[in-house]
Amino acid sequence: MRVIFIQIIDMKLFKILTCLLLFSLFTNGVLANNRVSNIPNDTISLAQAYMNLYLTSTYYDSIDSDRISKILAFEKEEIDQIEDRIFIRIFQPLYSFTQSIWYQNQAKRLYLSDSKLDRNTLRRFKSVLDRGINFYNAAQLDEYSSYPIEQLSFYEIINFDLDAAEDIRSEFYRVKNQYNALFNENIYPDFKRIFIKAKESNKIELDSLTYYAGLFEIPMSMSTLNNTIDFPISPSFKNYSINPIYRLENRLELISRYLQLKFLASQRTRPPANFNTETLYTHYDEFMELLSFEEDEFIKKELTPQVTSTLLSQLKRRYPSQRSDGIWDESMAAIKAPNPTPNIMYFFPNPAPKSSAHLIINNFKPELHTLNQVDQFFKSKMQEAGFKSNHLHYYYDMDGYAMTTSLEKFNEDGSKVSSDKRFTESMGEDGKFSYFEIFKSIFFEVESEFRMFAFVVASKAATMSGEIMTSTFAEEILQNSYPTLPDELKNKSLPTKELTILVYHFHQNDIGQVPELDLSGSWDVQDHLRSAGILSINQ
């Protein structure tokens, strides 16, 4: 077996060869009752391809582009040499999953390439990503638990499990969203051109909108024109499956809906006998609500309150309604529906897990009267330091609230890493020893520093338990949180406010090892705040 990109010292070479020998003997047992030729080579080639490609996907940003190109070229050749149909049928989940990761990595490489992103190039890129999605769905990973015990044991050795499936699924959606944005950006000029043409000549080309959306197989609803309601359909996709459908962005959707409403409002349109005016005005309401959230400059310039008011007047003349209220007019355009009080209550642990460092600030910012004012203060300081809104997580805590930051990676000397590598939702594996971990240990040699800030605002200072924060529990806390301060807390005021700042600093010796909480005390809270660029919170 060839290894094309890893430098192996003598001890690591001995370990990998020993494991490969055991691995080969094991897989011979798995396939002993099947008449498959070239068992060791195909099995080891597929296992190596899976691990190489999975690690490449996981640590893509840490690998230079030339190395990625070599990995993909090599592994494509290795996979293509696996031709035994019985072998492929037996290991179909792993074979399809490995193929999917190859196409995912290739799609990422194309996305980051210097290629001129014209329409034909984008469609070619899309076909690569779509093939990866098709291979992922073909792996039928929801049936994982029903695989024979021998196969499951084999998959455990190489770390092919549902955690890996979820990692790749999440990455597929991330890449798919990037491509979706490119596709929408590509056709947006055509949508704007059709809008301006309708505005200047009153010629509405709805078929052209459908055509341009169809270039990237993006469905465009015509329910406004057809006077029907699009009821939400529960996804039929399984837990470990990827929805292959792309989405029309709001700004394009607004143009489509406006032109459909404008077409219906025109004098040339004769409504059918069974036309439902209530359905029409429901579509208008939805259009106005969607418009109230849009920040695109072209949309704000063209779909002004005056334009939408004129549209509503034209609709009312053409389609008189008995409905006296409920129509979303221009006076409501600036009103955004508040977030309802959540049914699920997320609480920050009380007492909090033991931290690397902590600080209590008494009578914090007395000039900030409500918790919403406190939150706005925090957010402004965090945003100045590069923490975006999706890097902040909220919880109920005592009679106030807690806010944590996403896991932040930083250099050992305290300096920031590049912005595209700074924040992460996961720090590593569970430390389980396996052939995959041996293979991964020679893939990279990286030490990593991570931290999570927790800010607790309440009338009393937060207390800490003797139980230390683990990396797994930190990730669980981040996953079970609110994206914003709950509405019912925003107008709440406290007689006095105590701010407790907790810093959870994790050190990871190597990729794949379990990060451990740093309890050395070498850094205090002020050091961490200064390093993260948010020292002004305590000034």
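All values reported here derive from a predicted model rather than from experimental measurement.

**What to know about the overall build of the protein chain**
Stage number 1. Helix and strand content of the protein chain: 19 helices and ten strands.
Stage number 2. Out of the 539 residues in the protein chain, the part that is buried amounts to 50%.

**Some points on unusual backbone geometry**
Stage number 1. Here the amide bond leading from asparagine 350 into proline 351 is cis, since omega sits at 5 degrees, within 30 degrees of zero.
Stage number 2. Its identity as a non-glycine residue notwithstanding, asparagine 202 has a phi of 65 degrees, on the positive side.
Stage number 3. Positionally, asparagine 202 belongs in the loop between helix H8 (162-201) and helix H9 (206-214).
Stage number 4. Not every positive phi belongs to a glycine, and methionine 398 is a case in point at roughly 50 degrees.

**Describing the pairing of strand S3 (residues 392-397)**
For a regular strand, side-chain orientation follows a simple rule: the groups alternate between the two sheet faces.
Stage number 1. Where burial is concerned, most of S3 is hidden: six out of the six residues are buried.
Stage number 2. The side-chain alternation of S3 yields two buried faces, one formed by Leu392, Tyr394 and Tyr396 and the other by His393, Tyr395 and Asp397.
Stage number 3. Across six bridges, the pairing between S3 and strand S4 (residues 400-405) is antiparallel. Bridging from a neighbouring strand, aspartate 397 pairs with glycine 400 of S4.
Stage number 4. Taken together, S3 and the strand that follows it, S4, pair antiparallel across an intervening segment of two residues, in which methionine 398 is found at a positive phi of about 50 degrees.

**A short note on the nonpolar core**
Stage number 1. Tyr50, Phe97, Phe191, Leu259 and Phe287 are the most contacted members of the largest nonpolar core, which has 91 residues in total.
Stage number 2. At 13 residues, the largest contribution of residues to this core is made by H8.
Stage number 3. Counting residues in hydrophobic clusters, the runner-up holds 52 residues, among them Ala357, Leu368, Leu499 and Ile537.

**As for helix H14 (residues 305-318)**
Stage number 1. For H14, with 14 residues, the first-to-last C-alpha span of 20 Å sits near the 20 Å given by 1.5 Å per residue.
Stage number 2. Of the residues making up H14, those classed as buried are Thr308, Leu311, Leu312 and Leu315. An end-on view of H14 places all buried positions within 100 degrees of arc, on one side of the element. In H14, the exposed positions that point more than 90 degrees away from the buried face belong to Gln306 and Arg317.
Stage number 3. The inward-facing, buried residues of H14 abut helix H11 (250-265) and helix H12 (277-292).

**So, the pattern of salt bridges**
Stage number 1. If you walk through the whole model with that rule in mind, you get 21 salt bridges.
Stage number 2. Here arginine 251 makes a salt bridge to aspartate 296, at a shortest N to O gap of 3.6 Å. Separated by 45 residues along the polypeptide, arginine 251 in helix H11 and aspartate 296 in the loop between H12 and helix H13 (297-302) bring together distant segments of the chain.
Stage number 3. Under the relative-accessibility criterion, arginine 251 is labelled buried at 13%.
Stage number 4. With relative accessibility at 15%, the residue aspartate 296 sits in the buried group.

**A look at the packing of aromatic side chains**
Stage number 1. Throughout the structure, instances matching the rule amount to 39 aromatic pairs.
Stage number 2. An angle of 45 degrees between the planes, with centres 6.1 Å apart, marks the rings of tyrosine 50 and phenylalanine 97 as tilted. With a gap of 47 residues between them, tyrosine 50 in helix H2 (residues 39-58) and phenylalanine 97 in helix H5 (residues 92-111) connect regions that are remote in the sequence.
Stage number 3. The class for tyrosine 50 is buried, based on a relative accessible area of 0%.
Stage number 4. Relative accessible area serves as the criterion here: at 0%, phenylalanine 97 is assigned to the buried category.
Stage number 5. Measuring from ring centre to ring centre gives 4.8 Å for tyrosine 155 and phenylalanine 160, while their planes differ by 80 degrees; the resulting arrangement is edge-to-face. The pair tyrosine 155 / phenylalanine 160 is uniform in exposure class, with both members buried.
Stage number 6. Among the aromatic residues, those joined into a cluster by ring pairs are Tyr50, Tyr54, Phe87, Phe91, Phe97, Tyr136, Tyr144, Tyr147, Phe154, Tyr155, Phe160 and Phe172.
Stage number 7. Above the plane of the ring of tryptophan 102 lies lysine 76, whose end atom (NZ or CZ) is 4.9 Å from the centre.

**Quick look at helix H3 (residues 65-80)**
Stage number 1. Spanning 16 residues, H3 covers 22 Å between terminal C-alpha atoms, matching the ideal 22 Å at 1.5 Å per step.
Stage number 2. One side-chain oxygen at the N-terminal end of H3 lies 3.2 Å from the backbone nitrogen of aspartate 66; it belongs to aspartate 64.

**Here we look at the environment of glutamate 77**
Stage number 1. Assignment of secondary structure puts glutamate 77 in helix H3.
Stage number 2. Measuring from C-alpha to C-alpha, the distance between glutamate 77 and alanine 49 comes to 9.9 Å, with 28 residues separating the pair along the chain.

**Re the side chain of glutamate 253**
Stage number 1. Position of glutamate 253 relative to the elements: it lies in helix H11.
Stage number 2. When residues no more than four places from it in sequence are discounted, the contact partners of glutamate 253 are Leu248 and Leu290.

**Description of the packing of helix H6 (residues 119-138) against H8**
Stage number 1. At a closest axis distance of 11 Å, the pairing of H6 and H8 adopts a crossing angle of 155 degrees. Considered as vectors, H6 and H8 are oriented roughly antiparallel to each other. For the crossing formed where H6 meets H8, the hand is left-handed.
Stage number 2. Its residues placed into classes, the contact of H6 with H8 shows 13 nonpolar, two polar and six charged.

**A word on the pairing of S4**
Stage number 1. For S4, the buried fraction is high: six of the six residues fall into the buried class.
Stage number 2. Where S4 and strand S7 (residues 448-458) come together, four bridges link them in antiparallel fashion. In the strand pairing of S7, methionine 403 is matched with phenylalanine 455.

**Focus: the confidence of the model for the protein chain**
Stage number 1. Averaged over every residue, the pLDDT of the protein chain is 81; residues scoring 70 or more account for 80%.
Stage number 2. The low-confidence segment residues 233-237, where pLDDT is below 50, has three contacts with residues more than four positions distant or belonging to other chains.
Stage number 3. Taken as a whole, residues 324-342 scores under 50 in pLDDT and shows 34 contacts with residues more than four places along the chain or in a different chain.

**Brief notes about the environment of phenylalanine 387**
Stage number 1. Tracing the sequence through the fold places phenylalanine 387 in the loop between helix H15 (371-384) and S3.
Stage number 2. For the pair phenylalanine 387 and phenylalanine 423, spaced 36 residues apart in sequence, the C-alpha separation works out to 8.9 Å.
Stage number 3. Ignoring any residue separated from it by four or fewer positions in sequence, one finds phenylalanine 387 in contact with Met382, Leu392, Thr405, Glu408, Arg422, Phe423, Ala532 and Ile534.

Calculation notes
- Residues numbered from 1 in each chain as written.
- Predicted model: local features only at pLDDT ≥ 70, side-chain atom pairs only at ≥ 80, totals over all residues.
- Heavy atoms only, no water.
- Helix = DSSP H or I, 4+ residues; strand = E, 2+ residues; numbered from the N terminus.
- Buried < 20%, exposed > 50% of the residue type's maximum accessible area, 1.4 Å probe, protein only.
- Pairing = 2+ DSSP bridges.
- Core = buried A, V, L, I, M, F, W, Y, C linked by side-chain atoms within 4.5 Å.
- Expected span 1.5 Å × (residues − 1).
- Arc of directions from axis to C-beta.
- Contact = heavy atoms within 4.5 Å.
- Salt bridge = Lys/Arg side-chain N within 4 Å of Asp/Glu carboxyl O.
- Phe/Tyr/Trp six-rings, centres within 6.5 Å; stacked < 30°, edge-to-face > 60°.
- Lys NZ or Arg CZ within 6 Å of the ring centre and 35° of its normal.
- Polar contact = N/O pair within 3.5 Å; in protein donor to acceptor, adjacent residues only side chain to side chain.
- Axes fitted to C-alpha atoms, helices over the stretch in contact; angles between N-to-C directions.
- Parallel < 35°, antiparallel > 145°, perpendicular 65-115°, else oblique.
- Left-handed = near helix turned anticlockwise from the far one by under 90°.
- Nonpolar A, V, L, I, M, F, W, Y, C, P; charged D, E, K, R; others polar.
- pLDDT = per-residue confidence, 0-100.

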